[in-house]
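The primary structure of each chain is shown beneath.
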Amino acid sequence: MAVHLLDRIDHWGRIAPEALAHVSADRRLTYGELLDRSDSLARWLEAQFPGSRAPVAVTGHKEPEMLVAFLAAAKSGRPYVPIDVSIPAHRIERIVESSGAAVVLTPERIAALCLESGAEHESKGGRLGGLNRVEGRDPFYILFTSGSTGEPKGVVITLANLEAFVDWMCAEHSFRAPGETFLNQAPFSFDLSVMDLYLSLVNGGTLFSITKDEVANLKKLYEALGRSGVTTWVSTPSFAQMCLIERGFTEAMVPTLRRFLFCGETLAPETASQLLERFPGAAVWNTYGPTEATVATTSIQVTREVLERHSPLPVGREMPGTRVFICAENGQRAPEGERGEILIAGPNVSPGYLGREDLTAKVFFDDAPARTYRTGDWGRERDGLVFFEGRMDGQVKVNGYRIELGDLEANLRALPEVADAVVLPVSKGGRIESLMAFVVPAVAREGSEFEFSSRLKSGLAERVPAYMVPRKFRFLEAFPMTANGKADRRKLTELI
Ligand code: AMP
């Protein structure tokens, strides 16, 4: 029988307690500490909320305590809801409320509880016992992503979903165990981070987090990368593109690097090609998948040969045991080479959105025995490879962040100064660079356009994370209308 994910992680705490599990800024966490503290916190959770399986919300920014709390939640049979500090208080409240979380834990509280509960337990003696941990189809984590109506939606990922993903990646990459250091770029509230976090922990690797302070100060970022010892790089293509601006970002800066794993947005051939040039000892992989199907479902190694044959790049082949197929408009499988919606069916597909049967029924269905998800992505299959060709709806990726334009529009309309709003992507060279908001004001504008848009930006930033706030605002007395009375997005696009 397969070994439980939690046992695979705890194993390192027993055989290599001094080994580093996590490095984040000047903080360090060993596998021994991770084991003891997550056991202690699991015990506290069970004592505090006996019999309840309500989620545990964990807020913070890449602190080692977040890892402790994730494992503690799972060890005590509860899913966790990771919430990065980039999410404003108003939205956190909505997430906590809609998740039904029993408790919200901050890094400070986690540290204090581990101390308390650890000391109490030591005096009684013994290890973790009697707790019903998360098994198979139990929810392991719940990730909240942008929802088109302005309410974030919680994607439920089970232990079985996570194990299917982790097992596939481990089989495909034969990571050294131990011996790898994984770059953690994405905050834990994004599913990309699941790739580095769990691939690192099950292999006894070191997770090397890049913090928001380091990203905001490029000198610090390159210093951190230089001392990271990273062997497996996990990031969005946007982050790598940003690093490539620095000429010194080469093999000499990170000599240990053996592979780049990308996911979350289009990997431009130029980015892959530059990386192969600058890091001749490293392989470049493109992986594709939505949060709803646990991080990634397809992959391909982008070699020189692949670059010569394909532009744009394919997203690859599906993981064994999962089916990816292109669905034509008539609901049938599209013939090879024809465009359609990408569907994913397999053990990595989520049961659905937490408490939202309506949303779940729209995009998930059972195609016995496999759970199936309609991605809303356009794609086509050629030469046994899947190609991603954009979105069918108002979801966009800006710098790797998943944003529903409808989410922003609803939150803009909720501001007292706004009567109506439309948000559109601003693209350059086929890539979305930023967002632009068209607003019909509800009040007479005071001050300049610049002052008014700054006021709206701050109002919006209290409701959505900073990365979602449109860069530019345009004010109109009314929107151009389509024949059926909707705001005419095509005409508005011409105004960008
Ligand atoms: P998220 O749930 O944040 O991972 O976003 C999922 C969406 O990101 C997918 O449905 C795609 O639209 C897009 N996406 C993910 N991976 C890739 C990729 N390798 N290339 C292009 N788009 C991608």
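Residues numbered from 1 in each chain as written. Predicted model: local features only at pLDDT ≥ 70, side-chain atom pairs only at ≥ 80, totals over all residues. Heavy atoms only, no water.

1. Re the layout of surface pockets
One water molecule sets the probe size; rolling that probe over the atoms shows where empty space is left. Keep this limit in mind: Cavity means a closed set of points on a 1 Å grid over the protein atoms alone, one where a 1.4 Å probe fits but cannot get out, pocket means an open set with protein on both sides within 12 Å along at least 5 of 7 lines, and lining means a residue has an atom within 4 Å of a point. Grid points are joined across faces, edges and corners, and a volume is the space filled by probe spheres set on the points. Only DSSP runs of H or I with at least four residues qualify as helices, and only runs of E with at least two residues qualify as strands; both kinds are numbered from the N terminus onward. Only Asp, Glu, Lys and Arg are considered charged, only Ala, Val, Leu, Ile, Met, Phe, Trp, Tyr, Cys and Pro nonpolar, and every remaining residue, Gly among them, polar.
Counted as a void, the second largest pocket has a volume near 670 Å³. Every residue lining the second largest pocket is counted, 30 residues in all, and those nearest its centre are Val215, Val398, Asn399, Tyr401 and Tyr467. Elements supplying a minimum of two residues to the lining of the second largest pocket: helix H8 (212–216), helix H10 (237–244) and strand E24 (431–441). Broken down by class, the residue content of the lining of the second largest pocket amounts to 15 nonpolar, 9 polar and 6 charged.

2. With respect to the packing of helix H1 (residues 5–15) against helix H3 (residues 64–75)
How we decide: Lines fitted to C-alpha atoms define the axes, with helix axes restricted to the stretch in contact, and inter-axis angles between N-to-C directions lie between 0 and 180 degrees. Roughly parallel covers angles under 35 degrees, roughly antiparallel covers those over 145, roughly perpendicular covers 65 to 115, and oblique covers all other angles. Crossings are classed by handedness, with left-handed meaning an anticlockwise turn of the near helix from the far one by less than a right angle and right-handed meaning a clockwise turn. Contact definition: two residues touch when any of their heavy atoms are within 4.5 Å.
Closest axis-to-axis distance for the H1/H3 pair is 11 Å, and the angle between their directions is 130°. Considered as vectors, H1 and H3 are oriented oblique to each other. Considering only the axes of H1 and H3, their crossing is left-handed. Contacts between H1 and H3 involve Leu6, Ile9 and Asp10 from the first element and Leu71, Ala74 and Lys75 from the second. A breakdown of the residues in the contact of H1 with H3 according to their chemical character gives 4 nonpolar, no polar and 2 charged.

3. With respect to the pairing of strand E3 (residues 56–60)
Side chains on a regular strand alternate between the two faces of the sheet. Cut-off, in case you're wondering: Burial classes follow relative accessibility: with a 1.4 Å probe on protein chains only, a residue under 20% of its type's maximum area counts as buried, one over 50% as exposed, and anything between as partly exposed. Here, strands pair whenever DSSP counts at least two bridges between them. Orienting the strands away from the viewer, one traces the path from the first strand over the helix to the second; a clockwise path indicates a right-handed crossover.
With 5 of 5 residues buried, E3 is to be regarded as a mostly interior element. Where burial is concerned, the two faces of E3 agree: the one with Val56, Val58 and Gly60 and the one with Ala57 and Thr59 are both buried. Here E3 pairs with strand E4 (residues 80–84) via 5 bridges, running parallel. When the sheet's bridge partners are listed, Val56 is paired in E4 with Tyr80. Each parallel crossover has a hand, and for E3 linked through H3 to E4 it is right-handed. Relative to strand E5 (residues 103–105), E3 runs parallel, the two being bridged by 3 bridges. Looking across to E5, one finds that Ala57 is bridged to Val104.

4. So, the sheet that holds strand E25 (residues 472–475)
Reading across the sheet, the 3 strands line up as E23-E24-E25 and stay open at both edges, with mixed pairing between neighbours. Only two strands of the sheet have a single partner each, and these edge strands are strand E23 (418–428) and E25. Strand after strand, the sheet turns through a mean of 25° between neighbouring axes, direction not considered. Examined bridge by bridge, E23 and E24 share 10 bridges and lie antiparallel to one another. If you follow Ser427 over to E24, its bridge partner there is Ile432.

5. Here we look at the site of the ligand
Basically, it comes down to this: We call a residue near a given molecule or strand whenever any one of its heavy atoms falls within 4 Å of it. For this analysis, a polar contact is any N or O atom pair within 3.5 Å, provided that within protein one partner can donate a hydrogen and the other can accept it, and provided that sequence-adjacent residues contribute only side-chain to side-chain pairs. Accessible surface area values rest on a Shrake-Rupley calculation with a 1.4 Å probe, where residue burial reflects the displayed protein chains alone.
Inspection of the region around the ligand gives 16 residues, with Thr287, Thr291, Asp377, Lys397 and Arg402 positioned closest. Between the ligand and the protein, one listed contact pairs an oxygen atom with a side-chain N or O atom of Asp191 at 3.4 Å. Taking Asp377, its side chain carries an N or O atom lying 2.6 Å from an oxygen atom of the ligand. Taken by itself the ligand offers 500 Å² of open surface, and the protein chains cover 95% of this. For the shell around the ligand, the secondary structure elements donating two or more residues are strand E12 (283–288) and strand E20 (385–391). A per-element tally of the shell around the ligand places E12 first, with 3 residues. Here the residues of the shell around the ligand are counted per class, giving 4 nonpolar, 6 polar and 6 charged.

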